[in-house]
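Understanding the architecture of this molecule
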Amino acid sequence: MSNLNQTMVEKYRNDFLNEVRANVEEGDWVNMCMQCGVCAGSCPLGPYWEHPPQEIFMMIRAGKREEVLTSTSMWMCTSCYNCIARCPRELPITHIMHGLAHYADRLGLAPKEQPTRKFANKFWDNLTKKGRVNELKLGLALYFMNGFMEGIKVAMANQKLGLNMIKTKRMNPMEIIGGHGVKDTSGLHAILKKAREIELAKAEEFKG
Amino acid sequence: MADEMKIGAYICKGCGIGERLDTAQMAQIATRDAKAAIAKEHEFLCNADGIKMIQDDIDNEGVNRVAIIGCSRRAKVEAFNFKDVAITRGNIREGVIWVRPDTDEARETTQDMADDYVRMAVIEAKFCKPPTPNEETAYNRHVLVVGGGVTGMTAAVEIAKAGYSATIVEKTGALGGAAAKSWKRIPQKSPYADPEDTGVADLIKFIEDSDKITVHLNSTLTKTSGAPGRFSADITAESGSTTTENFGAIVQASGYTEYDANQLPELGYGKSDNVVTQAELDAMALAADGGPIKTKDGKEVKSVAFVQCAGQRSDKEGHLNYCSGHCCSTSVKQAMYFKDQNPAIDTNVIYTDLRMPGAGGEDFYRSGQRKGVTFTKGCVTEVATGGSELEVKFKDLILNEDTSEKVDLVVLATGQVANSGLNIDEVGQDEPGEWKTNPESVLNLSYRQGKDIPQLTMGFNDSHFICFPYETRRTGIYTAGPVRRPMDMQQAMEDAVGAAMKAIQAVENAGKGRAAHPRAGDLSYPQFRREGCTQCKRCTVECPFGAIDEDEQRFPQFNEARCRRCGTCMGACPVRVISFENYSVDSVGQQIKNIDIPDEFEEKPRILALACENDAYPALDMAAMNRVEYSAFVRVVPVRCLGSVNLIWITDALNSGYDGAVLMGCKKGENYQCHFVKGSEMASVRMSKVDDTLQSLSLEPERVTTHEVAITDIERAPEIINEMAETIEKIGLSPFKF
Amino acid sequence: MADIIATNETILVVGGGISGMTAALEAAEYGKQVILVEKEAGVGGRVSKLYKYFPKLCHPTCGQEINQRRIKMNPNVRLMTMTEVTEVSGEEGNYSVTLKTSPRYVNNNCTACGDCANAVEAEFDDEMNYGLGKRKGAYLPSRMSFPQQYVLDPRIIGTPDANAAKEACKYDAIDLDMQEESTSITVGAIVWATGWQPYDANKIQPYGYDRFDNVITSVEFERLMDPHGPTGGKLLRPSDGKEAKNIAFIQCAGSRDRNHLKHCSRICCMASLKQTTYVRERYGDDGKSTIYYIDIRAIDRIDNFFQNVKADETVTFIKSKVANIVENKENKNPVLRGVNTEGYDRYENEHDLVVLAVGMQPSVPAGDFPMNVVVNEHGFIEEDESNGGIFAAGCSADALDVNRAVQSATASALRAIQVVNRVAGTEG
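Residues numbered from 1 in each chain as written. Chains lettered and ligands numbered in written order. Predicted model: local features only at pLDDT ≥ 70, side-chain atom pairs only at ≥ 80, totals over all residues. Heavy atoms only, no water.

1. Some details on the interface of chain B and chain C
Many authors give the size of an interface as the accessible area that is lost as the parts come together. Counting residues at the interface gives 93 residues for chain B, matched by 84 residues for chain C. For the pair chain B and chain C, the summed buried area comes to about 7,600 Å², and 52% of that belongs to carbon and sulfur atoms. Applying the counting rule to chain B against chain C returns 12 salt bridges. Between Arg 415 of chain C and Glu 158 of chain B there is a salt bridge, and its shortest N-O distance comes to 3.9 Å. Remark: the boundary between chain B and chain C carries 49 residue pairs in polar contact (both at pLDDT 80 or more). The set of elements that each furnish at least two residues to the side of chain B that touches chain C consists of helix H6 (150-161), helix H11 (358-370), helix H12 (489-512) and helix H16 (616-625) of chain B. Per-element accounting of the side of chain B that touches chain C gives the leading share, 12 residues, to H12 of chain B. Here the side of chain B that touches chain C is composed, by residue class, of 41 nonpolar, 23 polar and 29 charged. (Contact = heavy atoms within 4.5 Å. Buried area = accessible area lost by both parts, 1.4 Å probe. Salt bridge = Lys/Arg side-chain N within 4 Å of Asp/Glu carboxyl O. Polar contact = N/O pair within 3.5 Å; in protein donor to acceptor, adjacent residues only side chain to side chain. Helix = DSSP H or I, 4+ residues; strand = E, 2+ residues; numbered from the N terminus. Nonpolar A, V, L, I, M, F, W, Y, C, P; charged D, E, K, R; others polar.)

2. Examining the interface of chain A and chain C
The interface of chain A with chain C comprises 22 residues on the first partner and 17 residues on the second. Summing both partners gives a buried area of about 1,500 Å² for chain A against chain C, and 53% of it is carried by carbon and sulfur. Summed over the shared surface of chain A and chain C, the number is 0 salt bridges. Taken together, the connections running from chain A to chain C amount to 11 residue pairs in polar contact (both at pLDDT 80 or more). Contributing elements (two or more residues each) for the side of chain A that touches chain C: helix H3 (38-42), helix H4 (53-61) and helix H6 (82-86) of chain A. No other element matches H3 of chain A, which puts 4 residues into the side of chain A that touches chain C. Taken together, the residues of the side of chain A that touches chain C sort by class into 11 nonpolar, 6 polar and 5 charged.

3. Side note on the pattern of salt bridges
All names here are of chain B. Applying the stated criterion to the full structure yields 96 salt bridges over all chains. Lys 13 is the partner of Glu 41 in a salt bridge, and the nearest nitrogen-oxygen pair spans 3.8 Å. Residue Glu 41 is found in strand E2 (residues 38-42), and its partner Lys 13 is found in the loop between strand E1 (7-12) and helix H1 (17-20); the two are separated by 28 residues along the sequence. Residue classification places Lys 13 among the partly exposed positions, given a relative accessible area of 22%. With a closest N to O distance of 3.6 Å, Lys 302 and Glu 300 form a salt bridge. Bridged by salt links that share partners, the residues Arg 32, Asp 33, Glu 108, Asp 112, Asp 116, Arg 119, Glu 602, Lys 604, Arg 606 and Arg 635 form one connected network. (Buried < 20%, exposed > 50% of the residue type's maximum accessible area, 1.4 Å probe, protein only.)

4. Digging into the pairing of strand E10 (residues 242-247) of chain B
Residues and elements named next belong to chain B. The sheet contact formed by strand E9 (residues 231-237) and E10 spans 6 bridges and is antiparallel. Within the sheet, the bridge partner assigned to Phe 231 lies in E10 and is Phe 247. Count of turn residues in the E9/E10 antiparallel hairpin: 4 residues, of which Gly 240 carries a positive phi of about 105 degrees. (Pairing = 2+ DSSP bridges.)

5. Some remarks on the packing of helix H9 (residues 278-288) of chain B against helix H10 (residues 327-341) of chain B
Residue and element names in this part refer to chain B. Two elements in contact, H9 and H10, have axes whose closest approach is 11 Å; the angle formed by their N-to-C orientations is 30 degrees. In terms of their interaxial angle, H9 and H10 are classed as roughly parallel. In the crossing of H9 with H10, the sense of the turn from one axis to the other is left-handed. Within the contact between the two elements, H9 uses Gln 278, Leu 281, Asp 282 and Ala 285 and H10 uses Cys 327, Thr 330, Ser 331, Lys 333, Gln 334, Tyr 337 and Phe 338. The residue makeup of the contact of H9 with H10, split by class, is 5 nonpolar, 4 polar and 2 charged. (Axes fitted to C-alpha atoms, helices over the stretch in contact; angles between N-to-C directions. Parallel < 35°, antiparallel > 145°, perpendicular 65-115°, else oblique. Left-handed = near helix turned anticlockwise from the far one by under 90°.)

6. Topic: the domain arrangement of chain C
Residues and elements named next belong to chain C. Under the domain assignment used here, chain C contains domain 1 (11-102 + 180-195 + 363-424), domain 2 (115-168) and domain 3 (199-360). When each unit is reduced to the centre of its C-alpha atoms, the spacing between domain 1 and domain 3 is 31 Å. With 18 residues of domain 1 in contact, the opposing surface of domain 3 contributes 22 residues. Buried area between domain 1 and domain 3, summed over both chains or domains, comes out near 1,700 Å², and the portion from carbon and sulfur atoms is 64%. There are 4 salt bridges connecting domain 1 and domain 3. Our enumeration of links across domain 1 and domain 3 arrives at 8 residue pairs in polar contact (both at pLDDT 80 or more). (Domains from an automatic or database assignment.)

Next up, the structure:
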């Protein structure tokens, strides 16, 4: 069990709902669900969800911490916003799903082999380094995500696409060394640090 | 009006009548056969000229009975509105030309039909007097309010605000009822977000300051007698002293008792002090007064589960088979007691259907969720009381699993049981003269039919009418609040205002001798020929409104102000001593007897149709508007209610050579639609005995049929008539043609 | 309408639906002078378009017959149809009200013989049937119409049809020169009972009311059952006129939804439960009803109606807000998609007909009241002292069923009487 997870378990004991409300982006909304299921029915990836959003909300209320945070379900969200558009109670379901995924990841409970999680982490790492996505590095990182041999195979398969992108200036091979970024990288990092502090403080202030 | 009777018959030729029928012949029939003094035809009777013609005859010729032969009695009522004369209508538009084909073949039978309706309208006029108000009126602007809870107090306050006075009789030692024992109430105003003050103190203050409201605490009614305008009530205090007061009307706001949670041992009630009812929780909150709510052993409650529908919406023996309506909102209110005091307290509402309707309900539900109250769709099976905490075991219907929750406190949403007094359908009434107080009764009425208002269902004194929610079966006594049906405080208060409206209206109507709903304003009343009465008690037993008592000599005692003018007593009376001035055994019976019965060789049967004027008759009218045809052999007579049909009409009809009779009334039974509650049921009971009559006449039983006809039965009502015509064709004409 | 005599002891009731009729009649039967104004050509309002009431399954026209008779018999009620309130000024006990009466083009000579309708060619959507059928340009709005007088549709005025109607009338009842009239009256108190309208189902895009023939609203479904309705009382679906036997009812179609009406409309659950009994009435065991719901709100003692419907094996309940509807192109059957949240089951269910239990929206939009009253965010008039002598009745006050609307109307009659009694000085 990760340290953070340990801390949270002790802090909230049986009160997973309050843990979510305090620590998950837009988690405060979980309580507003009235179990109509329009989100579940409206999701284009619906059949792939082990637990659809409204069920996750119910599981949160029922204190099913482990089951929720280790679930692959919220990683299925593609941010199409259909659920938000239709939710009769105005729940920002898309955001909550991402929030839950992020929180699970922070606690180290997210399913390790979940490809969306892997991609998201690579993307985040790549982005936060310099404030700009290094597409070449991100692409390569993804190719080799599942091991070296697999990476070579994928890279070979996409060779033509890559060359075309370089030809049409959609990709710069020079990005492999360093790459471009925002002017004030340390400023960016300070912003990110502050954002994390705010997030934690919000959770700290939460009174149930 | 005591002058000699003079009937004017006026035959309209408009709307195609003139083209289809020989109206000159009809005018002749009116004077020659039916003995009208005057008979006139007019091209367009309902226009100003036609009306003037009739009015002139009334003013100058002394016409005091007017028979209008033209359209249905439901049409042009405003035009044919002549003061101080009796008016009858012969329906030859909707009743004849619109339901008959315009063919040479049909001409003769159609004309026969119209001729008979002329005879009937004129004869009816002969036997109808314009009603004079009954003299036994009483005017009393004082209203008795039974019950001093929020409903009763609101009723009294509203009555006072309208300029009347009210007396509240309250069983306990204080005003306020259940509300006074609550900390707060469900919000009644936008944004419907937080529990609000109960408002009890304001009501009590108004009552204390008002010189129009008197309060009797620790008091009950030990006898209530009389009728609207002249109710007399014995108000007996706990000490035993009794005062007698007179009232014009009564509002019964006797409220409810919380369902006995001891019948729910599976939910831990009685086993643990920490399983409480909603009322008990409100008392705890009242004691806490905004501070932390504590369990009996002094611990602050940190987690609480609300179990909805505890002993409600259940078929189990001893449970309530209804929903009490307010409990979902009440639980949300109570969960907010905790959340508003300390948001960290865990509050969970376990429900199957969350019922918080309307604009306020949904807002309040959302507000609860916003405050962190959680809701679980589930069925609670058990509250285990063994451990240090309570364990609520339930099936989570969303997650589809059996699970449990440990809490400090369990609140059971038990329902409301109406304080409706005795179920008079089960408990008999004392014999007249041996009148005893029954401790369970609320009103202790000295009525022949029982001490309390008849219960509709599930113990509630509700009206059965969707369109007329205040129509109890005891005129001048109106129920309000949870005794009528389960409800929350806001609804009870609104209900009290409505009942107050009906009460002061009853006061005014009683003062003028006018009938109450549904024949509002009707001045006629049952008149009774005592000499002929055999004391059979049928009228006193069958009156749907309990209007008729028995006097010391066991004769029926009509209380006109309690009467709704349905005529059920008239229909019940085997010796025909009960009649109304404008509706009597004769006014209908003579119509039936005075039509032309062709002899058997003409092969023109005659069918009598007695149709409820409110449903079957309009259905036939509307069938006519749609030009649905039916047999020319029928003669339709509208009746106030099938309950007013006296068997003699049928017997006379058969004796005079009618070949069949159909009776069309409203639906009876549990979901009755009869406007006079039991009228159509009474009729069907009586008609079940018509077979004996038929047998004694050696007639086939299929010649008389009784049907339930709704106002929408525009196809079926004509069909019923046609079927009877077919039946007669099959079994042959009656041998009683003279 | 110069003969309207009204004083500050008169009560004005706005709206001639069941709430308005009730308020007017209760006040009049008490003894007050009442002016009852109705925008349409006759009284009856929304309920006159229903086939049956829950929970008794009796017919609204039955109560309407009684109420109409009460009006006919009561000289205290003066009914003004085709009339709207355009302006209200003054205060409790003394209001000046301006009324606008639209031309009916038919006067009191009308005998309702129907000759004008036979003479007129033009046809229009029948409002009585929510446009599911047609009516003539000269018409009696319904068989129950009161006053029982025909109306000429203003769209035929100036066309040969109008003259044809006039020529056909033997009673000089048609007056093509009728103009809009304005009347000013003084009243002491006002009961506002303008009722509700069904929420516009076109706005619920995922359900395709505007695209699919066989998706209809609950109020339209009522018309299909009515013997006076467009199908003569048969459950024929719009796409092909075939009998619809497998019917879906979608609850909260526009209610309890921040995209539409935020409030719960209260009546829809019971209305759908009631409508499943129509399916049984028509088809017995061969019919099939499915109710898609969030919470079944069969409140108080009428919960037993729900219990009885639940016991009917032809009725299925699915806890789900339907996500969307698509159409089976071959047979035009609507296909419903969603998730049953009791245990998480995805469904894709094909039905013959879908009935949207549409929500209840106040008839008068919040900004359109001709007077100052407190209106809540849902558009209902709140009880408030600042409303003075103006009292809401029925669905102008909240989403109510018929029984509660009538209760509310009875209560507002008393409130109005209290005002005019104070004016009359009978208080002391």
